Amino acid sequence: MSDFYTGSPLDPEDMWFRDDFINLLWEILRTEHVLLTAPRRTGKTSVMDFMAAKPQEGYSAISVFVQDLDHPSEFLLTLLDAFQAKHPVLFRKIFKSGSSWIGSTLDRIEEVGFAGFKIALREQKSKGSDDWKLLGDHEFFEVVRRSKQKLLFIVDEFPDLILNMKRNHPELVRPFLAWFRSHCVSPHPKHDTIRWLLGGSVNLSSTLDAMGSIDLINSLHDERLPVLTSSQVQEFVSRMLSDRNVDFHSGIPSEVANRLGRPVPLFLQMVTQDLYRIWKRVQRPLEIEDVHTAFSELIVSSAARDKLQHYYSRINQYYDEPKRSAAYALLAKLSQSNHGVPRKALEQEFDRLIQSQGANLPDHERRRLFNQLLRDLENDFYVAETSNDQFDFASGLLKAWWKKYYA
Ligand SMILES: Nc1ncnc2c1ncn2[C@@H]1O[C@H](COP(=O)(O)OP(=O)(O)O)[C@@H](O)[C@H]1O
Ligand SMILES: [Mg+2]
């Protein structure tokens, strides 16, 4: 029986519906580096953890989480530290004689302990060259490639590294991406022993577009994590409840699918768990009405609050004005609609807002901004095109929550 998860990455055994996708990723990785994108809470980290735990094709995997990093040096140190921690013997074999900087830090490992490795690396580095590019080229890529060992580096929340860098060290973004790109294209991945699997919840394209640097990530294969289908959602609900001997009305799984809209796996887990709790509480077979209760309970629950709040706050963090205010205004409008709003009406609302802010933008510029905003909101999973030129919240749960607190 599969456990409920409401936020933490899944144990590989409890992951649903991702086998084919994971095989597909391994297939793509044969000849390309991959950028795996999907909004938060949809299951990227779980997929990447699974691949790290059960690597195929003779790879050894090294995973890092870079959401809070902002500098190429820290990125390299974090990679090396994770490598050393995950595969100490292999790491020693590769780096012992190959690299002066890392080799001499390894000599001190008895003294600093494994936990102090990163700090020791940092100290050692500042004694020598502080040029991250040189270190990266000669002490990392060259050495690792010479070893002929197949290595998959899994970098979770890579776009955040770039956005942090843009904020704190803007002059490094282009050089870093150009450098990283050069290692992605030469040697051609087919002849390289290194592979990159980068995960991201934030869409980098508009940021890089605005910097005129979009070419710098086009060496990566862009792959989206598939959205769960309605029948998968229903299968999940059915099996999770049946496995727990819950008696339920046969229409419940499809009602959950309807209410969820485009399903965020986390919300699916939360709602199903809540249905199970309701069943234990009321001690009778579950009825359709209980699905509505579960959704209402969820929107006001503290468990969901942080996760839903995050969708609200991240606009503040990642959308620049005037897109920020416009995003809030359009989402408030959508949350009050019954079945979404036509694109034209959203555009009029957008124009009104821009004008009321006194921004004097030429028509074509305003239209470009609007199209970009709608694309960002779609990419970030806030909205979806429901029928021809009609838009609505992608997630029914998020819509109900937004309406309650922010409309
Ligand atoms: N394949 C899956 N099957 C069932 N639940 C999932 C699956 N993927 C994600 N989830 C749910 O989503 C939550 C977040 O997953 P996670 O992998 O951390 O997403 P992300 O890295 O995209 O933010 C999990 O705690 C779980 O509740
Ligand atoms: Mg994650």
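Residues numbered from 1 in each chain as written. Chains lettered and ligands numbered in written order. Predicted model: local features only at pLDDT ≥ 70, side-chain atom pairs only at ≥ 80, totals over all residues.

1. Re the environment of K93
Of note, K93 is situated in helix α4 (residues 88-95). Along the primary structure K93 and S147 are separated by 54 residues, whereas in three dimensions their C-alpha atoms are 8.7 Å apart. (Helix = DSSP H or I, 4+ residues; strand = E, 2+ residues; numbered from the N terminus.)

2. Some thoughts on the nonpolar core
Counting residues in each nonpolar core, the largest one holds 56 residues, and the members touching the most others are V34, M51, I154, L197 and L198. Of all hydrophobic cores here, the second largest spans 46 residues; its members include L241, L286, A304 and Y311. (Core = buried A, V, L, I, M, F, W, Y, C linked by C-beta atoms within 7 Å. Buried ≥ 20, exposed ≤ 12 C-beta atoms within 10 Å, placed from the backbone.)

3. Let's talk about the environment of M240
As for its position among the elements, M240 is in helix α12 (residues 230-242). A sequence separation of 33 residues divides M240 from Q273, and the C-alpha atoms of the two residues are 8.5 Å apart.

4. Some thoughts on the packing of helix α17 (residues 323-336) against helix α18 (residues 343-356)
As a packed pair, α17 and α18 sit with axes 10 Å apart at the nearest point and diverge in direction by 140°. Relative to α18, the element α17 is oriented oblique. The element α17 and its partner α18 pack so that their crossing is right-handed. The segment α17 lies against α18, with S325, A326, A329, L330 and K333 engaging L346, E349, F350 and L353. For the contact of α17 with α18, the residue count by class is 6 nonpolar, 1 polar and 2 charged. (Axes fitted to C-alpha atoms, helices over the stretch in contact; angles between N-to-C directions. Parallel < 35°, antiparallel > 145°, perpendicular 65-115°, else oblique. Left-handed = near helix turned anticlockwise from the far one by under 90°. Contact = placed C-beta atoms within 7 Å. Nonpolar A, V, L, I, M, F, W, Y, C, P; charged D, E, K, R; others polar.)

5. With respect to the domain arrangement of the protein
Per the domain assignment, the segments of the protein are domain 1 (18-224), domain 2 (230-300) and domain 3 (312-406). Computed over C-alpha atoms, the centres of domain 1 and domain 3 are 35 Å apart. Classifying every residue of the side of domain 1 that touches domain 3 gives 2 nonpolar, 2 polar and no charged. (Domains from an automatic or database assignment.)

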